[in-house]
Amino acid sequence: MRITQQQISEHNKNARDAHESPFAFIGEELEKKGIDVDLLINQIAIFQVAIPSWALGAGGTRFGRFPIGGEPGNLEEKISDVGILHALNRSSGAISLHIPWDIPEDTAAIKELAREHDLVFDAVNSNTFQDQDDQEYSYKFGSLSHTDKAVRQQAIEHNIEVIQYGEALGSKALTVWLADGSNFPGQQNFRKALKRTSESLQEIYAELPSDWEMLIEYKPYEPNFYSMVIPDWGTSLLLANKLGDQAQTLVDLGHHLPNTNIEQIVATLFLEKKLGGFHFNDSKYGDDDLTTGSIKPFQLFLIFNELIDGTDDCDDLVESIAWMIDASHNVKDPLEDLLQSVEAIKKAYAKALLVDRKRLEEARESNDPTGAQSILQDAFQTDVRPLLREARMRDKAAADPIGLYRDLDIRKQLIEERGTETIATGL
Ligand code: LRH
Ligand code: MN
Ligand code: MN
């Protein structure tokens, strides 16, 4: 299933009338403020967000899963689905694999298929939170932190194997997320578990190619509910600092206790040059993995505001951080869900680019909280949708990606191709 350029241009021809006046309006307003609109559109256009291979099927909860049909049953089909997203928005030009949910048997062929869809491979993720059929030792009581050296060794070797797959595909980062921890007070020796984890990571780090990064993800709880070995950004930063320059912290927005000031964490990590990447999603309560921007769009804007505030060159910023989605839910069409997430991320980025930084800094320096708030709100309340639409149309993507996805009845076509029974590997 491929979307043709002809289908996109026809869609855009029909969309142009409705687009023209809102775009002209925002363009004039921004130019009055001295903003270079073409430059802005360019900045919006180049921003790419990687799609997680594990979010292409209908997500489930532990209480049930409701298949949507036409889900990708193998890696080739997952790449094809990300190809559909990228054709629609030209903003999802990368896929993040999770091994062994995805096993690229013939890496050359997989790489070529991705290239045909104009996709590259973002960070590869290891999985030591589930036991696989062919595995010798169980991760029931941990992996890189396990009390038994043999289990730790197995987990280390798995991570090294993931690096090797990633190298063959052209990835440049390994994301490590550990479910290791304990469910009951007294169960685990905190100090020993952290020390073992640090030593295991060291062995993996030693195998990291020199142009790679290791991204260390943290999470306060789940699946362990009393303690996690890497519960927070401080622990991740500590481990990354011990490892060296190639190790960085990864911020998954869902991995914080309610009301945590994530933008401040982001600012601190960025200042320390230790912010390696994001897993974008949204949440009301915990690691809900809801569509990015669906619950707290202001928080998302504030995160981008910190990043742009802390950089001199936005193109460098875009290049230097791994921007990935980690969201999947059980009631939406996953492809529509991902299109919405990408749009929300790019909207937050565009709005943060609009902040009048000079005036904001003046307001801060003169201790004017009212002024500072108004400056942020001015940017946040701007309707940037016409800018995103224009960026897409210039890039030969669809004016309205979800609209075209629905008009072309893509889900129906995928069901015809793949049937209703396919189940994507993943969560
Ligand atoms: C853990 C997590 C981590 C995993 C993914 C499937 O909650 O965020 O990134 O790799 O979910
Ligand atoms: Mn994550
Ligand atoms: Mn998560």
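Residues numbered from 1 in each chain as written. Chains lettered and ligands numbered in written order. Predicted model: local features only at pLDDT ≥ 70, side-chain atom pairs only at ≥ 80, totals over all residues.

## Here's the deal with the overall build of the chain
Across its full length, the chain carries 16 helices and 14 strands. A compact globule built from 427 residues should have a C-alpha radius of gyration of about 22 Å, and the chain, at 22 Å, falls within 12% of that. Taken over the C-alpha atoms alone, the chain extends approximately 65 × 60 × 40 Å along its principal axes. The 427 residues of the chain split such that 45% are buried. Contacts in the chain between residues at least 24 apart in sequence constitute 79% of all its contacts with a sequence separation of at least 6. (Helix = DSSP H or I, 4+ residues; strand = E, 2+ residues; numbered from the N terminus. Rg over C-alpha atoms; globule rule 2.2 N^0.38 Å. Buried ≥ 20, exposed ≤ 12 C-beta atoms within 10 Å, placed from the backbone. Contact = placed C-beta atoms within 7 Å.)

## Here we look at the sheet that holds strand β1 (residues 51-52)
Reading across the sheet, the 3 strands line up as β1-β4-β6 and stay open at both edges, with parallel pairing between neighbours. This sheet does not close on itself; its edge strands, each paired only once, are β1 and β6 (120-121). When β1 meets strand β4 (residues 94-96), the two strands line up parallel, connected through 2 bridges. Across the sheet, the residue bridging to P52 is S96, located in β4. (Pairing = 2+ DSSP bridges.)

## Quick look at the nonpolar core
Counting residues in hydrophobic clusters, the biggest one holds 107 residues, and the most contacted among them are L88, I95, L174, I216, V251 and L387. For this core, the leading source of residues is helix α11 (residues 334-353), giving 11 residues. Not counting chain neighbours up to four residues away, the residues in contact with L387 comprise I26, L40, I41, I44 and A350. (Core = buried A, V, L, I, M, F, W, Y, C linked by C-beta atoms within 7 Å.)

## Describing unusual backbone geometry
As a rule of thumb, non-glycine residues mostly have phi less than zero, and peptide bonds are mostly trans rather than cis. Cis peptide bonds are those with omega within 30 degrees of zero, and the linkage from I99 to P100 qualifies with 15°. Take P100: it is sitting in the loop between β5 (98-99) and α4 (107-116). The backbone phi angle of N259 is positive, close to 70°, even though this residue is not glycine. Within the fold, N259 resides in the loop between β12 (247-252) and α8 (262-271). Positive phi outside glycine occurs at N367, with the angle close to 50°. Tracing the backbone through its elements, the reader meets N367 in the loop between α12 (357-365) and α13 (369-380). The class of N367 is exposed, set by 8 C-beta atoms lying within 10 Å.

## Quick look at the sheet that holds strand β13 (residues 275-280)
Across the sheet, 7 strands lie side by side as β5-β7-β8-β10-β12-β13-β14; this open sheet has parallel pairing. Two strands close off the open sheet at either side, each with one partner strand: β5 and β14 (322-325). By the bridge criterion, 2 bridges tie β5 to strand β7 (residues 124-126) in an arrangement that is parallel. Its bridge partner being in β7, H98 is matched across the sheet by N125. Across the sheet, α8 is in contact with β12 and β13; its angle to β12 comes to roughly 165°. (Axes fitted to C-alpha atoms, helices over the stretch in contact; angles between N-to-C directions.)

## Topic: the packing of helix α6 (residues 190-205) against helix α7 (residues 233-243)
Orientation of α6 relative to α7, taken along the N-to-C sense of each, is 50°, at an axis distance of 10 Å. Comparing the axis directions of α6 and α7 gives the class oblique. For the pair α6 and α7, the sense of crossing is right-handed. Of the residues in α7, those in contact with S198, L201, Q202 and Y205 of α6 are L239, K242 and L243. When the residues that make up the contact of α6 with α7 are grouped by side-chain class, the tally is 4 nonpolar, 2 polar and 1 charged. (Parallel < 35°, antiparallel > 145°, perpendicular 65-115°, else oblique. Left-handed = near helix turned anticlockwise from the far one by under 90°. Nonpolar A, V, L, I, M, F, W, Y, C, P; charged D, E, K, R; others polar.)

## Comments concerning the site of ligand 1
Lining the immediate surroundings of ligand 1 are 10 residues, of which N125, W177, D252, D287 and D326 lie closest. A per-class count over the shell around ligand 1 returns 3 nonpolar, 2 polar and 5 charged. (Near = placed C-beta within 6 Å.)

## Points about the packing of α4 against helix α5 (residues 149-169)
For the pair α4 and α5, the least separation of the axes is 9 Å and the interaxial angle reads 50°. Considered as vectors, α4 and α5 are oriented oblique to each other. Between α4 and α5 lies a crossing whose hand is right-handed. Every residue of α5 that contacts α4 at T107, I110 and K111 is listed here: Y165, A168 and L169. Its residues placed into classes, the contact of α4 with α5 shows 4 nonpolar, 1 polar and 1 charged.

## Quick look at the UniProt feature "domain: Xylose isomerase-like TIM barrel" (unreviewed entry) in the chain
Mapped onto this numbering, the UniProt entry annotates "domain: Xylose isomerase-like TIM barrel" (unreviewed entry) at residues 104-289. The span residues 104-289 shows a helical share of 37% and a strand share of 16%, and its end C-alpha atoms are spaced 26 Å apart. (UniProt positions renumbered as here; feature names shortened; annotations may be inferred.)

## Some remarks on the confidence of the model for the chain
When pLDDT is averaged across the chain, the result is 97; 99% of the residues are at 70 or more. Per the prediction output, this complex has pTM 0.97; the corresponding ipTM is 0.99. (pLDDT = per-residue confidence, 0-100.)

## A short note on helix α9 (residues 297-309)
Given a rise of 1.5 Å per residue, 13 residues ought to cover 18 Å, and the 18 Å separating the end C-alpha atoms of α9 matches this to within 8%. Residues L300, F301, L302, I303, F304, N305, E306 and L307 constitute the buried set of α9. Residues of α9 that are buried in the fold lie against α8, α10 (314-320), α11 and α13. (Expected span 1.5 Å × (residues − 1).)

## Describing the pairing of β12
Most of β12 is tucked away: 6 of the 6 residues are buried. Burial along β12 is two-sided: A247, T249 and V251 and Q248, L250 and D252, pointing in opposite directions, are all buried. Two strands pair when backbone bridges link them, and strand β10 (residues 213-217) and β12 are joined in this way by 4 bridges, in the parallel orientation. Following the sheet pairing, E217 is matched in β12 by L250. Of the pairings in the sheet, the one linking β12 to β13 comprises 4 bridges and is parallel in character. Residue pairing across strands places L250 opposite G277, the latter belonging to β13.

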